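Now for the letters of each chain:
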Amino acid sequence: MRCRGGFVLAAALVSCVAAVQAWTVGSSDQDAYPIDAGTGGASELSGIAWAGGSQYFAVSDDGARLYPLNVVLDPTTGAIQSASAGTAAYVTGYDLEGIALAGDGLSAWISDETGPAIRRFSLSGGAEIATLALPAVFSSVRSNLSLESLARDPRSGALWTANEEALSIDGPVSNFTHGSTIRVQRFDANGNAAGQWAYMTDEIPGDLLMPGRDVEASGVSDLLVLPDGELLALERAFGRDTFFRSRIYALDRSTATDTSADASLASASFTPISKTLLWENTYTTANFEGISIGPRLANGDHSLVLVSDDGGFADQLALTLRLSTCAAQPRNDCLTPGASRLTVRRLGTKRDTLAWSWRKGTIPTAALFGDPTTAGPGFSLCVYQSSGGVAALAGSARVLAGNNWTAMRRDGFKYRDRTAAVDGMKAITLVPGTGKARVVLRIGGLNLRMPAAVAPTPLLRRDPQVIVQLVKESQPSQCFSSTYTSATRETAERFAAAF
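All of these numbers come straight from a predicted model, not from anything done at the bench. Just so you know, the residues in each chain are numbered from 1, in the order the chain's sequence is written. pLDDT decides what is reported in this predicted model: residues at 70 or higher carry local features, side-chain atom pairs at 80 or more are listed and counted, and totals for whole chains, interfaces and linings draw on all residues regardless. Just so you know, side-chain values use all the structure's heavy atoms and leave hydrogens and water out.

With 92% of its residues at a pLDDT of 70 or more, the protein chain has an overall mean of 90. Each residue carries a pLDDT value, the predictor's own confidence for that position, ranging from 0 to 100. Every residue pair with non-hydrogen atoms within 4.5 Å of one another is taken to be in contact. Scored below 50 in pLDDT, residues 1–20 makes 173 contacts in the model with residues more than four places away or belonging to other chains.

Structure below.
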């Protein structure tokens, strides 16, 4: 969306949302944060992409400018410590809205509402490299309600975009009682159109201080592909009471109809993408238009970064959220063992380890584990500490199904990865049985996601308990839990407990 003015940036810490709802989004307890526009006077930023560390790139929808950003997050809380823009590179186009970094780390794809168009540019100077061929149906975009979003799948290289509000051939725009039907478009790694699905946007929450409907009042402002390939949508809407409403949805297209061949959706029969609300908030001065994943936090959470276009009537600010596959509080519906042991060593070196065993329990059948040998959602390890009786996530790890999983000869499954490349996970053993079931795992190396403690603070606070849970993400979900109310070792570097 094109609006006169500046921009707002927000960093959000989030958890993964798979098609089975693995991810959750929470706050980092930080208010909106002002962004330094730099000597170049960066303004009207509408899309953002993470380049690693504290480096990001953002596009402005005024004057076709590409800006480097430096956004420093607190590694524990995810709160923004500083945010500033560098010198812009001028690129081809007019109304730039979405940005996705290419796999080479040297260039980026950028969507332009005017045209519409998706072009690839060099990050060091802005030279145009390539242009995607859009499906002909996008020639029917409505003015200023075009390709607002752009995202890239880090695994496959596929690009995703969507029109902000309905194409003129697909039905009406949103109003106060219903949303509009848009098209979510996928391009493969070679830039070829490779699937398209209908998506229903939300209704407008109220009139924007004037009779009738403002054409810039609603729609999908950006898309984001998470590390596991799941798709998120950022929707925003304006209204007199809420003013700026922002929502993040997890998208599930497993039952949706491919609409690539439909010349019009106004009278077509189709099943749209289903969506699950992960986060919602309203703001008086922050119009969030872009979303990006950011660096991992000490406890394993991902960070999300949102950018807001000030558009002449908003502020240039920043905000933080948290993204995790672990719930904020431990689950209370898990299977418990007859015996269990937890040992953790956190030195900040390759010698870091976490070993956990869940034994002498009852798991009637291996079906409760699902089939981790088949690609898809996997397992999340969630370690909770407590202080004053309040539980909080202290560490986490996630392993997807598929690679490195095998079925055991008798019954059960095992995961082996000597490189410990995925969150430090080296080994998992899952064995069913009556009174003899076991769940055993081991994490090692620098990828152990748990904050280091400073003496005399213990590594894990046990007031009154430490809880470890392994959660199966695929449906029906299942979890295995151990609760430790006493410990054999509690220091700033080590924790050990057993029963």
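Let's pick the thread back up.
Let's shift gears to the packing of aromatic side chains. Here the distance between the centres and the angle between the planes together describe a pair of aromatic rings. Stacked, edge-to-face and tilted labels apply to pairs of Phe, Tyr and Trp rings (six-membered ring for Trp) whose centres lie within 6.5 Å, assigned for plane angles under 30 degrees, over 60, and everything in between, in that order. Applying the stated rule across the entire model yields eight aromatic pairs. An angle of 90° between the planes, with centres 5.0 Å apart, marks the rings of Phe238 and Phe244 as edge-to-face. A cation sits over an aromatic face here: Arg253 above Trp197, 4.5 Å from the ring centre. One Lys or Arg, Lys275, reaches over the ring of Tyr249 and ends 4.3 Å from the middle of that ring. Geometrically, a lysine NZ or arginine CZ counts as sitting over a ring once it is within 6 Å of the ring centre and also within 35 degrees of the ring normal.

On to the environment of Ala256. Considering the arrangement of structural elements, one finds Ala256 in the loop between strand S18 (243–252) and strand S19 (274–283). Separated by 58 residues in the primary sequence, Ala256 and Ala198 have C-alpha atoms spaced 7.6 Å apart. Elements are defined by DSSP. Helices are runs of H or I of four residues or more, strands are runs of E of two residues or more, and each kind is numbered from the N terminus.

Time to look at the sheet that holds strand S26 (residues 390–401). Judged by pairing direction, the sheet is antiparallel, and its four strands sit side by side in the order S26-S25-S31-S32 without closing on themselves. Here the strands that pair on one side only, and so sit at the sheet edges, are S26 and strand S32 (478–484). Between one strand axis and the next, the sheet turns through 15° on average, direction left out of account. Of the pairings in the sheet, the one linking strand S25 (residues 376–387) to S26 comprises ten bridges and is antiparallel in character. Opposite Gln385, over in S26, you have Ala392 as the bridge partner. Strands pair, by our definition, only if DSSP identifies at least two bridges between them. All axes are obtained by fitting lines to C-alpha atoms, using only the stretch in contact for helices, and the reported angles, taken between N-to-C directions, cover 0 to 180 degrees.

Throughout this description, the term salt bridge denotes a Lys or Arg side-chain nitrogen within 4 Å of a carboxyl oxygen of Asp or Glu. Considering all chains together, one arrives at 22 salt bridges under this definition. Across the salt bridge formed by Glu473 and Arg398, the nearest N and O atoms sit 2.7 Å from each other. Here Arg398 lies in strand S26 and Glu473 lies in the loop between strand S31 (466–472) and S32, a separation of 75 residues in the sequence. Arg398 shares its class with Glu473; the two are buried. Here Asp423 and Arg449 are joined by a salt bridge, their closest N and O atoms 4.0 Å apart. Taken together, the residues Asp423 in the loop between strand S28 (413–416) and strand S29 (425–431) and Arg449 in the loop between strand S30 (433–444) and S31 connect sequence positions 26 residues apart. A relative accessible area of 22% places Arg449 in the partly exposed class. A cluster of three or more residues bridged by salt bridges with shared partners is formed by Asp202, Glu235, Arg247, Lys275 and Glu280. Note on exposure labels: buried denotes an accessible area under 20% of the residue type's maximum, exposed denotes more than 50%, and partly exposed covers the range between, all computed with a 1.4 Å probe on protein chains only.

Here the focus is the state of the cysteines. Each disulfide is one covalent bond, formed between the sulfur atoms of two cysteines. Two cysteine sulfurs form a disulfide in these notes if their separation is within 2.5 Å. All chains considered together, the criterion is met by two disulfides. The residue that forms a disulfide with Cys326 is Cys382, at a sulfur-sulfur distance of 2.1 Å. Where Cys326 bonds to Cys382 through sulfur, the torsion about that S-S bond is close to -90°, and the disulfide is left-handed. Highlighted residues: Cys326 in the loop between strand S22 (320–324) and strand S23 (339–345) and Cys382 in strand S25, separated in sequence by 56 residues. A relative accessible area of 3% means that Cys326 is categorised as buried. The buried category is assigned to Cys382, whose relative accessible area is 1%. Paired by a disulfide, Cys334 and Cys479 hold their sulfur atoms 1.8 Å apart. Looking along the S-S bond of the Cys334-Cys479 disulfide, the torsion reads about -100°, which is the left-handed sense. One end of the pair, Cys334, is in the loop between S22 and S23; the other, Cys479, is in strand S32, and 145 residues separate them in sequence. When sorted by exposure, Cys334 lands in the same class as Cys479, which is buried. Should the bonded cysteines of the protein chain be numbered as they appear in the sequence, the pairing reads 1-3, 2-4.

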